[in-house]
Amino acid sequence: MKPFPRAEISRKALKHNLARLHELAPSSKVMAVVKANGYGHGLLNVAQCLDNADGFGLARLEEALALRAGGVTAKLLLLEGFFRIGDLTTLVEHDIETVVHHESQLEMLESINLTKPVTVWLKVDSGMHRLGFSPAQFDATYQRLMSNDNVAKPIHLMTHFACADEPSNPSTAEQQRVFDTLTKDLPGDRTLANSAGALFWQQSQADWIRPGIALYGVSPVFGDLGAKHGLMPAMDLVSQLIAIREHKAGESAGYGSYWTAEKDTNLGVVAIGYGDGYPRNAPLGTPVLVNGRIVPIVGRVSMDMLTVDLGIDANDKVGDLAVLWGKNLPVEEVAEHIGTIAYELVTKLTPRVAVCLD
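About the criteria used
Residues numbered from 1 in each chain as written. Predicted model: local features only at pLDDT ≥ 70, side-chain atom pairs only at ≥ 80, totals over all residues. Heavy atoms only, no water. Helix = DSSP H or I, 4+ residues; strand = E, 2+ residues; numbered from the N terminus. Contact = heavy atoms within 4.5 Å. Areas by Shrake-Rupley, 256 points an atom, 1.4 Å probe, with all protein chains shown as cover. Lys, Arg positive; Asp, Glu negative; His and termini not counted. Charge placed at Lys NZ, Arg CZ, Asp CG, Glu CD. Axes fitted to C-alpha atoms, helices over the stretch in contact; angles between N-to-C directions. Parallel < 35°, antiparallel > 145°, perpendicular 65-115°, else oblique. Left-handed = near helix turned anticlockwise from the far one by under 90°. Nonpolar A, V, L, I, M, F, W, Y, C, P; charged D, E, K, R; others polar. Salt bridge = Lys/Arg side-chain N within 4 Å of Asp/Glu carboxyl O. Buried < 20%, exposed > 50% of the residue type's maximum accessible area, 1.4 Å probe, protein only. Phe/Tyr/Trp six-rings, centres within 6.5 Å; stacked < 30°, edge-to-face > 60°. Pairing = 2+ DSSP bridges.

1. Describing the overall build of the protein
On a plain count of helices and strands, the protein comes out with 11 helices and 18 strands. When the backbone C-alpha atoms are referred to their principal axes, the protein occupies close to 75 × 40 × 35 Å. Here the contacts in the protein between residues at least 6 apart in sequence split such that 63% fall between residues at least 24 apart. About 15,800 Å² of surface is accessible on the protein, with carbon and sulfur atoms providing 51% of the total. The protein carries 32 positive and 41 negative side-chain charges, and their two centres are separated by 3 Å.

Shown next, in the form of structure tokens:
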């Protein structure tokens, strides 16, 4: 018996999306970003499925160590870098590369004796203003790294776009100009493009692209669909109807009597709620797929359950599947109803949701 609720993850879709990104950026290597538990798709499952990726990007050291423990031998890059001086010996021991984006990291690199140099990606703040060294700091920082025996040579170079998911926004081209001006004629690999960069800013693809959400078949642009770019949704979030009841006009349903029926209908109760990571703030009308048709959420999402209006002529049965998002109900559309982004929906699923690789 398969558990409910569950996230059904498609190997076929993951492999297809990686191949599609290779196709879109044929001159670039792919650093597949699998942070946040593989965007909710299962960290080790995704990495093992995408064994022909050129490398994997993580946010935290613990994620990288989990991949090494799971037998993944590919290039690993810590996109947030290291946080503690002791992390550096771990990076060397497990052959993990790191982003350097802050003065404190330079100081740690200069105050330790490593048995082997660590591979570094120097991050330029070209306009995101979150992590990275400013253009004014770049030359001095680069020289400090070059003179440090703990740093492998050549030094690699990167930046991160703030508005690449807005294809008409000129700031992305300006960020690339800043980066290119600073790094011109320097050795080492370069990476600028995240999912949006890879899809919409071909000139930014460089030596490596770093797709995250696109690997999972989801568009990085609000109101857009991954399918428009030849991507396939990799996750179907499914549960089941655990109760069906007749409901009369004028009766309310759920906490706070948030919704009242305008006409007689049938309600279905689905075994998923905010305890599983489905948003409590999902408004009335948020779509759910039951037996091939869209039905709306009514009432408030509770911890373990939500309620849908099946309609007066419903023939649904207890035990029937309810799809919260997936190949036939894009997560981008659900996110738009809720007023969030698809990234948040797929990454916030809790451990109560079983992840099943298909």
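2. Let's talk about the packing of helix α6 (residues 103-110) against helix α7 (residues 135-146)
Following both chains from N to C, one finds α6 and α7 inclined at 20°, their axes separated by 11 Å at the closest point. Relative to α7, the element α6 is oriented roughly parallel. Considering only the axes of α6 and α7, their crossing is left-handed. Contacts between α6 and α7 involve Glu 103, Leu 106, Glu 107, Leu 109 and Glu 110 from the first element and Thr 141, Arg 144 and Leu 145 from the second. Here the residues of the contact of α6 with α7 sort into 3 nonpolar, 1 polar and 4 charged.

3. Description of the pattern of salt bridges
Two side chains carrying opposite charge are able to pair once their charged atoms lie near each other. The full count for this structure, using the stated rule, is 15 salt bridges. In this structure, Arg 84 engages Asp 87 in a salt bridge whose closest nitrogen and oxygen atoms are separated by 3.5 Å. For Arg 84, a relative accessible area of 44% corresponds to the partly exposed category. Glu 344 is the partner of Lys 348 in a salt bridge, and the nearest nitrogen-oxygen pair spans 3.5 Å. Connected through shared salt-bridge partners, Glu 62, Arg 84 and Asp 87 make up one network.

4. Side note on the packing of aromatic side chains
The description of an aromatic ring pair rests on the distance of the ring centres and on the angle between the ring planes. Taken as a whole and assessed by the stated rule, the structure comprises 5 aromatic pairs. Measuring from ring centre to ring centre gives 6.4 Å for Trp 121 and Trp 208, while their planes differ by 85°; the resulting arrangement is edge-to-face. Highlighted residues: Trp 121 in strand β6 (residues 120-123) and Trp 208 in strand β9 (residues 208-209), separated in sequence by 87 residues. Trp 208 carries the same exposure label as Trp 121, and that label is buried. Each member of the aromatic cluster is reached from another via a ring pair, and the members are Tyr 39, Tyr 216 and Tyr 343.

5. With respect to the environment of Ala 66
Tracing the sequence through the fold places Ala 66 in helix α4 (residues 61-69). Sequence separation between Ala 66 and Phe 4 is 62 residues, and the spatial gap between their C-alpha atoms is 26 Å.

6. As for the sheet that holds strand β8 (residues 190-193)
Spatially, the 8 strands close up into a barrel ordered β2-β3-β4-β5-β6-β7-β8-β9, and their pairing is parallel. Relative to strand β4 (residues 75-78), strand β3 (residues 55-58) runs parallel, the two being bridged by 4 bridges. Bridging from a neighbouring strand, Phe 56 pairs with Leu 76 of β4. Strands in contact with α7 are β6 and β7 (156-158); relative to β6, the strand with the most contacts, it is inclined by about 165°.

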